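Survey of secondary and tertiary structure
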Amino acid sequence: MERPHNESHQILFLASSVFLIWMVTWFMYHPVVHFDFVWDDHQFVVENPSIRDFRNVPRYFFDITTMSKPSMGREFQVFRPIRNISYLFDFHLFGLHPRGWHVHNLILHALNATLVFLLAFTLFERKDCNVRRIAALFSGLVFLLHPLQTETVAWVKSRDDLLAVLFVLSGCLVLSRPNLVRSKKGWGLLLIFHLLACLSKVQAILVLPVLAMIPPSGSYSKGEGVKRSGMLLVASLIYFVWRAVFLGQVEQTTPLAENHGQTLWVMGQVTLQYLGLFVFPRDLLADYIHMLSDPMPSFAVVLGSWITLGILFACMVLVTRMNRSYLYPFLLAGVAYAPVANLVPMMQYMAERFMYMPMVAWSLLLGVILSNVPKFSHKTFTCMAWTLAGGYLVMLGWFTTRRLPVWENNLTLFRSVVEDAPSPAFRPRKNLLSAYIDQGYLEEAQVLLEEIMERFVSDDSVNLSAQAEIWRAKAMLATLRQDMESGEILESLRQAIQLNPTYVEAYSDLGVFHATREEHNEALDAFQRALELRPFHANTLYNRGLMFFKMGQPKQGVDDLQASLEEGPRLKCYQILGAYYWNQNQIREAVRIYREGLALFPDDPVLLHWSRAGARLLGD
């Protein structure tokens, strides 16, 4: 007779917990709604023309250039078709206003935290329902609040991590439902979730196949588990072969060190530092490249690593005395953390977004301990454990509120890396210099440039290509500040080209330099060289197009500007092309151009005025 009453209490708890998770998500992360696109968002979103037309969806599975702006796709190969599809919907809903894109990330994070809570609620089956419920909610809140999550939530580029975890957790919930997992429908759903997770990010390739061997519900035998896990592994193999054919190689990037063996050794040391960040989420950085040259961790990180390993050991002891459902967090930790450590199946720099999937395992592990504390300890120690758990959540929330503003824009992001990195690194300073120049902070850029020139130009650890970027930045900044003779600017660009003969951007800048002095032959030579190295370089096409217009050759200028738009949006292109077609009395074509521009730049008064004027003339 009490069962309906208990069920109603359980439903009420589930509903109120989900409501709490979503409210806490908004309270903690709502500032991201006002953040800009940052860092690689420009390559994967703003300058990616493939996410503007639904007809491109089939190409996501065959054409590497659709993953980012075309020129970048040929150089840095990633396979994220599901992420691209999510971008496509965002573009048609929000244009290039970052607000909607960030809200989408926020919703996905809240969904994932909810799924972690529901999975924990299923796993922590105990007679003491109140303990199980609170421990499950604790797991969901740890996943939600941990400051390691801020990079994934605040960076639109990290949408692939959000989606991969969403589908992995959905598959885990299918496995946790005995009636569903026994049916063909359930295994069909599991297979779909597995493929969607892999197509979101390769990190998910082994997670569900391993977890399927030991379902938390224990609803089928070990032999059946091996059989069904094998089915998912076959799907993983098909996906991996397809990905390898698509990329033309197995790795996403080349080894960081001289070979794969040395890379594994370096990344193994870096992994130790990341273990510590689970417990003590201090000293977080957006760019951990310094770890490759300075792999010795701090005392706090080492202590955190040992505490993390101790918690893992304690949980393993519990597993030997509890039901096998508690193996789930360990399996998740093993199969999700290995790719994050860049041991399997790719090798690249460590990043906080790589911790998003392992955070599921960490959250569940803490919940396992908390749900079993009353069984193994005195009441006083139980109270202390719950107090520590509450304090841990408060600490995580505090660090998250301090960490989140770093991702507001490129200036805040790269400033934080430069200021907080334990050892000087070139790449963050180069990125900050570019951000200063783009935002017009010329005085700050000049000071930083002088520091970079003094510290890194003669540094043997900085390769020639990086040194070439310094010389190009010097020429760009001097041009904007107008504080160098033209001969010095020209010499800086030539120095950049000498250091890196394939430096496309330097050739393009050299073309602009000659074009501004009406040295058209020299400019054309420089532009042509840049386009030989990268046939679809947007800046080169744009600048050459402008020069053709000034030379009285509008037909060639139109061709170049149109080609430039295919590589990435540029407001000035739409304005110039629209004006050209208007002056040619091709009003309908002009209106089409203006409207295309308005879809990307809806607040531009020039595009808005002329599109309306054209519509009136056409009677639209």
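Residues numbered from 1 in each chain as written. Predicted model: local features only at pLDDT ≥ 70, side-chain atom pairs only at ≥ 80, totals over all residues. Heavy atoms only, no water.

What to know about the pattern of salt bridges
Here the structure, examined in full by the defined rule, presents 17 salt bridges. Glu151 is paired through a salt bridge with Arg353; the nearest N and O atoms lie 3.2 Å apart. One end of the pair, Glu151, is in helix α7 (residues 150-154); the other, Arg353, is in the loop between α16 (327-340) and α17 (356-376), with 202 residues separating them in the sequence. Here the two residues Glu151 and Arg353 agree in accessibility, since each one is buried. A salt bridge links Arg529 to Glu532, with the nearest nitrogen and oxygen atoms 3.6 Å apart. Of the two residues, Arg529 and Glu532 both sit in helix α25 (residues 520-533), three residues apart, roughly one turn of that helix. One salt-bridge network, held together by shared partners, links Arg80, Arg83 and Asp160. (Salt bridge = Lys/Arg side-chain N within 4 Å of Asp/Glu carboxyl O. Helix = DSSP H or I, 4+ residues; strand = E, 2+ residues; numbered from the N terminus. Buried < 20%, exposed > 50% of the residue type's maximum accessible area, 1.4 Å probe, protein only.)

Thoughts on the packing of aromatic side chains
Describing an aromatic ring pair means giving the distance of the ring centres and the angle of the ring planes. Using the criterion set out here, one finds 18 aromatic pairs in the structure. Arranged with centres 4.9 Å apart and planes meeting at 70°, the rings of Trp582 and Trp610 form a pair that is edge-to-face. Of the two residues, Trp582 is situated in helix α28 (residues 571-583) and Trp610 in helix α30 (residues 605-618); the sequence distance between them amounts to 28 residues. Residue classification places Trp610 among the partly exposed residues on the basis of a relative accessible area of 33%. Taken together, Trp39, Trp155, Trp407 and Phe414 form an aromatic cluster joined through their ring pairs. Between the NZ or CZ atom of Arg415 and the centre of the ring of Tyr441, over which it lies, the distance is 6.0 Å. Lying over the aromatic face of Tyr542, Arg570 brings its terminal NZ or CZ to 4.2 Å of the ring centre. (Phe/Tyr/Trp six-rings, centres within 6.5 Å; stacked < 30°, edge-to-face > 60°. Lys NZ or Arg CZ within 6 Å of the ring centre and 35° of its normal.)

Digging into helix α10 (residues 184-200)
With 17 residues, α10 extends 24 Å from end C-alpha to end C-alpha; this agrees with the ideal 24 Å at 1.5 Å per step. All of the buried residues in α10 are Gly186, Trp187, Leu190, Phe193, His194, Ala197, Cys198, Leu199 and Ser200. (Expected span 1.5 Å × (residues − 1).)

A closer look at the confidence of the model for the chain
Across the chain, pLDDT averages 81, with 79% of residues at or above 70. Per-element confidence in the chain is highest for α7, whose mean pLDDT is 94, and lowest for helix α14 (residues 290-293), whose mean pLDDT is 58. Long-range and interchain partners of residues 341-347, a stretch whose pLDDT sits below 50, account for 24 contacts in this model, where long-range means more than four residues apart. (pLDDT = per-residue confidence, 0-100. Contact = heavy atoms within 4.5 Å.)

Remarks on the environment of Trp242
With respect to the helices and strands, Trp242 occurs in helix α12 (residues 222-247). Look at Trp242 and you get partly exposed, because its relative accessible area is 38%. Separated by 180 residues in the primary sequence, Trp242 and Phe62 have C-alpha atoms spaced 9.4 Å apart. Setting aside its immediate chain neighbours within four residues, Trp242 contacts Phe61, Phe62 and Phe79.

A closer look at the environment of Tyr542
Structurally, Tyr542 is set in helix α26 (residues 538-550). Taking relative accessible area as the criterion, Tyr542 reaches 10% and is therefore assigned buried. In sequence terms Tyr542 and Asp560 are 18 residues apart; their C-alpha atoms lie 6.2 Å from each other. Residues contacting Tyr542, with those up to four places away along its chain left out, are Leu561, Ser564, Arg570, Lys572 and Cys573.

Comments concerning the packing of α25 against α26
The interhelical angle for the contact between α25 and α26, taken along N-to-C directions, is 155°, at an axis separation of 10 Å. Classified by the interaxial angle, the pair formed by α25 and α26 is roughly antiparallel. Considering how the two elements wind past one another, α25 and α26 form a crossing that is left-handed. Seen from α25, the contacting residues are His520, Ala523, Leu524, Phe527, Gln528, Ala530 and Leu531; seen from α26, they are Thr540, Leu541, Asn543, Arg544, Met547 and Phe548. Its residues placed into classes, the contact of α25 with α26 shows eight nonpolar, four polar and one charged. (Axes fitted to C-alpha atoms, helices over the stretch in contact; angles between N-to-C directions. Parallel < 35°, antiparallel > 145°, perpendicular 65-115°, else oblique. Left-handed = near helix turned anticlockwise from the far one by under 90°. Nonpolar A, V, L, I, M, F, W, Y, C, P; charged D, E, K, R; others polar.)

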